[in-house]
Amino acid sequence: MIQALQKDDVLLADIESAPDDRLHLWWLGQSGFLVRHGRDRFLFDPYLSETLTQKYAKTDKPHVRMTEQVIDPQRLTGIRAVTSSHAHTDHLDHGSLLPLREANPGMKLILPRAIRELTMDRLGDWEEGFCWMNAGESVNCGNICFRAVPAAHNDLKTDDLGNHYFLGYVVTIGPWSIYFSGDTLPYTGMKEAIGNPVDIAILPINGNKPERRVAGNCDGAEAARLAKDIGAETVIPCHYEMFEFNTASPELFEESCRELNQPFTRLQAGERFSYKGRNSS
């Protein structure tokens, strides 16, 4: 089992003590991140439970956890918003979201309009807290702006009304921008959908292998190239070292970033990345 760099009380103390003049991100494992600037806090796609390990324990596709859980979700407070990029349980986890809602009654859940029915079945009556999105739409949660962009997992799938089942988010908080891709492969028009160069890109690196019998993502080389193409000042890899059957070494990602002269930041579970501005991290 991979040990977290920070967890529980130590992680909470670091979240509270981080200086207000910077943007801070903590990797919570898989695609989950806590983002804080001053008093504003939000989460990208948290998976902070054993939901999938328990669900698949007696099947031919066991989800054996590789990295220990960094925090009980109910201990995370002051959270203004949480994203879900799509309906897969490691991104829309009732084992994480229901405790978070209990600890943060005013929290908004930002998620694709195309998965409305499934979400209501999984999470119950939380209508006042749901913020349904489609690609091209934006919503403000206090000082944080979320803009949805398409994601291809593996395809750019939409419902009959044109609502995308898989989304990424370009988030503006303070003077900074973050592109969180969700689960995706590269697709034509991706750079244009994201728009202006971003300060930080958060991209999956576990790859696309049909033998895993799950939808795929960018591999390390594709993630590095995407970060370069969209002008990210730094790129943070995710979606690895959570489940044994669906992971990848970060070495290809790191080697590819170096070849492209693309700055990157690799985090351990529970580790903080602090960012002040371009060329001054």
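Residues numbered from 1 in each chain as written. Predicted model: local features only at pLDDT ≥ 70, side-chain atom pairs only at ≥ 80, totals over all residues. Heavy atoms only, no water.

Colleague: Would you mind showing me how to read unusual backbone geometry here?
Modeller: Among all residues save glycine, negative phi is the norm, and among peptide bonds the norm is trans. Cis geometry is found at the peptide bond from His153 to Asn154, where omega equals -5 degrees. In this structure, Asn261 takes a positive phi of about 60 degrees despite not being glycine. Tracing the backbone through its elements, the reader meets Asn261 in the loop between helix H7 (251-260) and strand S13 (272-275). (Helix = DSSP H or I, 4+ residues; strand = E, 2+ residues; numbered from the N terminus.)

Colleague: Sorry if this is basic, but what is going on with the sheet that holds strand S11 (residues 200-204) here?
Modeller: Picture the strands of a sheet paired through backbone hydrogen bonds; they go either parallel or antiparallel. Reading across the sheet, the six strands line up as S7-S8-S9-S10-S11-S12 and stay open at both edges, with mixed pairing between neighbours. Strand pairing shows two members of the sheet lacking a second neighbour, strand S7 (138-141) and strand S12 (234-238), which therefore form its edges. Sheet twist, expressed as the mean angle between neighbouring strand axes with direction ignored, is 20 degrees. Its contacts with the sheet put helix H6 (residues 220-229) on strand S10 (176-180), S11 and S12, and the angle it makes with S11 is roughly 155 degrees. (Pairing = 2+ DSSP bridges. Axes fitted to C-alpha atoms, helices over the stretch in contact; angles between N-to-C directions. Contact = heavy atoms within 4.5 Å.)

Colleague: Mind showing me how you'd approach the packing of H6 against H7 here?
Modeller: Think of two packed helices as two axes; the pair is described by the angle between the axes and how far apart they sit. Direction vectors running N to C along H6 and H7 enclose 35 degrees, while the axes themselves pass 7 Å from each other. When you trace H6 past H7, the crossing you get is right-handed. Taking contact as the criterion, the partners of Gly220, Ala221, Ala223, Ala224, Arg225 and Lys228 in H6 are, on H7, Leu252, Phe253, Ser256, Cys257 and Leu260. Considering only residue class, the contact of H6 with H7 consists of seven nonpolar, two polar and two charged. (Left-handed = near helix turned anticlockwise from the far one by under 90°. Nonpolar A, V, L, I, M, F, W, Y, C, P; charged D, E, K, R; others polar.)

Colleague: What am I meant to see in the nonpolar core here?
Modeller: Nonpolar side chains in soluble globular proteins generally cluster together in the buried interior. Ranked by size, the top nonpolar core spans 52 residues in total, and within it Phe42, Ile178, Tyr179 and Ile202 carry the most contacts. For this core, the element with the most residues is strand S9 (residues 167-173), which contributes five residues. In this view, Phe42 contacts Phe33, Leu34, Val35, Ile79, Ala81, Ile144, Phe146, Val171, Ile173 and Ile178; residues no more than four positions away in its chain are not counted. In this structure, Leu28, Ile79, Val82 and Trp132 belong to the second largest nonpolar core, which totals 28 residues. (Core = buried A, V, L, I, M, F, W, Y, C linked by side-chain atoms within 4.5 Å. Buried < 20%, exposed > 50% of the residue type's maximum accessible area, 1.4 Å probe, protein only.)

Colleague: Where do I start with the pairing of strand S5 (residues 108-112) in this structure?
Modeller: Two faces make up the sheet, and in a regular strand the side chains alternate between them. Within S5, four of the five residues are buried, which leaves the element mostly enclosed by the surrounding structure. Two elements, strand S4 (residues 81-83) and S5, share three bridges in a ladder whose sense is parallel. Counted as the bridge partner of Thr83 is Ile110 from S5. Handedness of the crossover joining S4 and S5 through helix H3 (residues 94-103): right-handed. Pairing of S5 with strand S6 (residues 130-133), which is carried by four bridges, proceeds in the parallel orientation. Across the sheet, Ile110 pairs through a bridge with Cys131, a residue of S6. (Right-handed = clockwise from strand over helix to strand, strands pointing away.)

Colleague: What should I look at first to understand the pairing of S9 in this one?
Modeller: Counting buried positions along S9 gives six out of seven residues, so the element sits mostly inside the fold. Relative to S9, strand S8 (residues 144-150) is paired through seven bridges, and the arrangement is antiparallel. Counterpart to Val149 in the pairing with S9 is Gly168. Of the strand pairs in this sheet, S9 and S10 are connected by five bridges, and their pairing is antiparallel. Counted as the bridge partner of Thr172 is Ser177 from S10. The antiparallel pairing of S9 with S10 creates a hairpin that spans two residues between the two strands, and Gly174 there sits at a positive phi of about 60 degrees.

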